[in-house]
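Fold and geometry: a report
This is what each chain is made of:
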Amino acid sequence: MEEQSELKLKEQLLNDFRKKFGIELGEKMREAVEFAERVHCNQRRDAGDAYVTHPMTVSIYLLKMGMDAPTVIAGVLHDTVEDGDGVKIEDIEALFGKEVASLVDGVTKLTKSGNQTYITKKQEQTENLRKLFLSIASDVRVVIIKLADRLHNMRTLAYCTPEKQARKAKETMEVYAPLADRFGMGVIRSELEDLSFAYLMPEEYRKLKEEVSVQQKERMEALSTAMEKMKVLLKEADIKGDISGRPKHLYSTYRKMQRNNYKLNELYDLIAIRIIVETVNDCYAALGVVHATWKPLPGRFKDYIAMPKPNMYRSLHTTVMSENSIPFEIQIRTREMHETAEYGIAAHWMYKDDKKIMTELDQKTSLIKQIIEADETTEDSKEFVENVLKDFLGEYVFVLTPQGEIIDLPVGSTPLDFAYRIHTNVGHHCQHARVNGNMVRLDYKLKTNDVVEIITSNSQIGPRRDWLNIVKTQSARNKIRQWFKRENREENVQRGREMLEETAKRHAQNLQILLKPEYINEIIKRMTISSLEDLYATIGYGGISAGQVLHKLMDCHRKEMRLEEMNKKLEEAGKEPHKPTAHTIRNGIYVHGDPGMAVFFANCCNPLPGDPIIGYITRGRGISVHRADCKNAENLLRDQERIIEVEWAEEENSTFSASIRVVVVDKAGSLMAVSKVLTNLNVNMTSLRSRIGDEGSAIFEMSFSVTGTEQLKIIIANLKKLPEVIDVYRT
């Protein structure tokens, strides 16, 4: 009997695999099955059947989910390294390729993939979970294999010892069911929860099951009548659709009763009708038919099509009252939505040729990268696993951006957690927060459906230490800690002071003369920082070079000396101040001494009226005009003989080329929003380049003509008001 069962599984797996992937890949699958049979030939499961039936069943699950060939092949091989005698990942790679080997390695426990030793069973479990989470972050298919593996193990858990049943059920409830939920695999999550519920709380499970079965008999009769009526109504409305009924899963019923202190007869969704139609328009048309036939219950309609859940779930939900006054839920969705609701992330492999679907997959799975962020700064495996269980797999609330994008955060999260989820720089520069249009404290506890707006400021140059006590998520806490580690103020202040002193010595400048309060005040005001110490700290962590600061100070000093000299000459001569004549002005620049040379602007810095500038006499081209803080100015100033004093001619009415870099949230519509601001300000772009940035951002580099720095400041200020914009700065 056992041998026949094994043969039937093998025949089903190979036949179904060949039908989907063809003869060539089918041969590779046959080799994988035979390899697994050899490795597991002397092994039996707790139920007494051949061990190889387990990995073959897992592969069949993966095949039904629509997974790709490497994943299905990895499914049948997933235990060969962990439970095989002497089989190594290198053996899998040599026989079946690097991709399959990587997936098998992802689901293989550390105890079998390396030579690690552990003090306790708990430590071993922690290290294995850490490896699993990091493997999922590298390739999301690992979680699908692992969930298929756990599902079959839970279905056959009855043959294990009570101790093993309790241990596996607890781990499933704490780790694997939440993982399935996170990745939208609703059908697997619900079954894992119900199976775990039966082993962890057998008495509560038995009692609830009996109570539900009594009530469901009457409700199922009403449901059957409603389904027959619905079939007729849809046909009359020329809407093609499949209709089915389903009872609510026991554990979700139990949780709702416990969470809201409900009695069973107070729940409206113990039974539900599911209507699967062809198009989104059909979904709303079917909803109209439902509400025209049965009275909807107020406050019970949810549109997860217009606003999908973060785990990709889409559907229309409404609760109506039957003719017998029995409430029941109706769910309406398309076939694609249904497959996504059942298998979540796995369903996307069914539509791998649809670029829109795959782009959505990339966006929806980006959250798993938080695991990597946590691992970078957390050496302790226990802390790391606890962080993942809390931040990634714990209870969470759904909040919205002002544009309507749904962001899920752990329960208890604050606006600061939201800011750091959007982008690290949004968190670092967070100054205030609005929730539902009202200003709130940064330690406000966010609730589901809150609309959160973060107000940033460049004057907020980094996080405050007390934010570590405010944020809830480990990801935000790590980013704050990284900032302080990188931006240690005392060290940066000291380093910045020393760097400025050394640069002044190289340029033979007396720093004591240059550090006059009025010079410092002008510079820190321009940089929107508050003190000389902040200026030193900015130099210390690389926000601005010591050479740039020195040139700003030297420019302030030169202006003062020039003004003093001019006033002295005027006082001696008793004359009016000298005004530049037309012949001394070239390209809007007044050249002191007027050597009769051509004047041009340096492409490296594109100075604008209002910028401090220096002139440099080139060989054969004339005078190049640079911003005083230009990256090349430090080298030019070493050749003082070729430096010539220049300044802007205020009466000249010209336009100049300016370039800026705009960092935005990488999403549809960001470029349109930026372009609209420029159009409203009558600014015409002369060039535009875009590229993908870090952490979900995009970068636009654009050039246009302006009359000077004041107009440029207005443009930048208006761009910074856009919610899509993370930062704007001149290049």
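Structural data are supplied above this passage.
Since the model is a prediction, treat every value here as computed from it, not as a measurement.

The subject of this paragraph is the sheet that holds strand β17 (residues 643-644). Taken in spatial order, the four strands of this open sheet run β14-β16-β15-β17, and their pairing is mixed. Each having just a single partner strand, β14 (599-601) and β17 make up the two edges of the open sheet. Sheet topology places β14 next to strand β16 (residues 623-627); three bridges connect them, and they run parallel. Bridged to Phe600 within β16 is Ser624.

A separate point is the pattern of salt bridges. Side chains bearing opposite charge may pair, as long as their charged atoms lie close to each other. Per the counting criterion, the structure on display carries 30 salt bridges. In this structure, the salt-bridge partner of Glu191 is Arg155, at a minimum N-O distance of 2.7 Å. Note that Glu191 is positioned in helix α11 (residues 186-200) and Arg155 in helix α9 (residues 141-155), a separation of 36 residues in sequence. On the accessibility criterion, Arg155 (39% relative accessible area) is partly exposed. Members of the salt-bridge network, linked through shared partners, are Asp68, Glu99, Asp139 and Arg141.

With antiparallel pairing, four strands are arranged side by side in an open sheet as β20-β21-β19-β22. What marks the edges here is a single partner per strand, and that holds for β20 (685-692) and β22 (725-730). Direction aside, the axes of adjacent strands within the sheet are offset by 20° on average. Sheet contacts for helix α28 (residues 670-680): β19 (656-665), β20, β21 (697-706) and β22; angle to β21, the most-contacted strand, approximately 20°.

Attention now goes to the environment of Val76. Its place among the elements puts Val76 in helix α3 (residues 69-77). Assessed through its relative accessible area of 0%, Val76 is described here as buried. Spatially, the C-alpha atom of Val76 lies 8.0 Å from that of Thr57, the residues being 19 residues apart in sequence. In this view, Val76 contacts Leu13, Met29, Ala32, Val33, Ala36, Pro55, Met56 and Ser59; residues no more than four positions away in its chain are not counted.

Structurally, the position occupied by Thr71 is in helix α3. Residue Thr71 is classed as buried on the basis of its relative accessible area, which comes to 0%. A polar contact is formed between the side chain of Thr71 and the side chain of Asp68, at a distance of 2.3 Å.

Of all the eight residues making up strand β6 (residues 327-334), eight are buried; the element is thus mostly covered by neighbouring parts of the structure. Every second residue of β6 is oriented toward a common face, with Pro327, Glu329, Gln331 and Arg333 on one face and Phe328, Ile330, Ile332 and Thr334 on the other, all of them buried. In the sheet, strand β2 (residues 271-277) pairs with β6 via six bridges, with the strands oriented parallel. What sits directly across from Ile273, in β6, is Ile330. Strand direction decides the pairing type here: strand β5 (residues 316-321) and β6, joined by six bridges, are antiparallel. The residue of β6 that forms the bridge with Val320 is Phe328.

About the thresholds
Residues numbered from 1 in each chain as written. Predicted model: local features only at pLDDT ≥ 70, side-chain atom pairs only at ≥ 80, totals over all residues. Heavy atoms only, no water. Pairing = 2+ DSSP bridges. Helix = DSSP H or I, 4+ residues; strand = E, 2+ residues; numbered from the N terminus. Salt bridge = Lys/Arg side-chain N within 4 Å of Asp/Glu carboxyl O. Buried < 20%, exposed > 50% of the residue type's maximum accessible area, 1.4 Å probe, protein only. Axes fitted to C-alpha atoms, helices over the stretch in contact; angles between N-to-C directions. Contact = heavy atoms within 4.5 Å. Polar contact = N/O pair within 3.5 Å; in protein donor to acceptor, adjacent residues only side chain to side chain.

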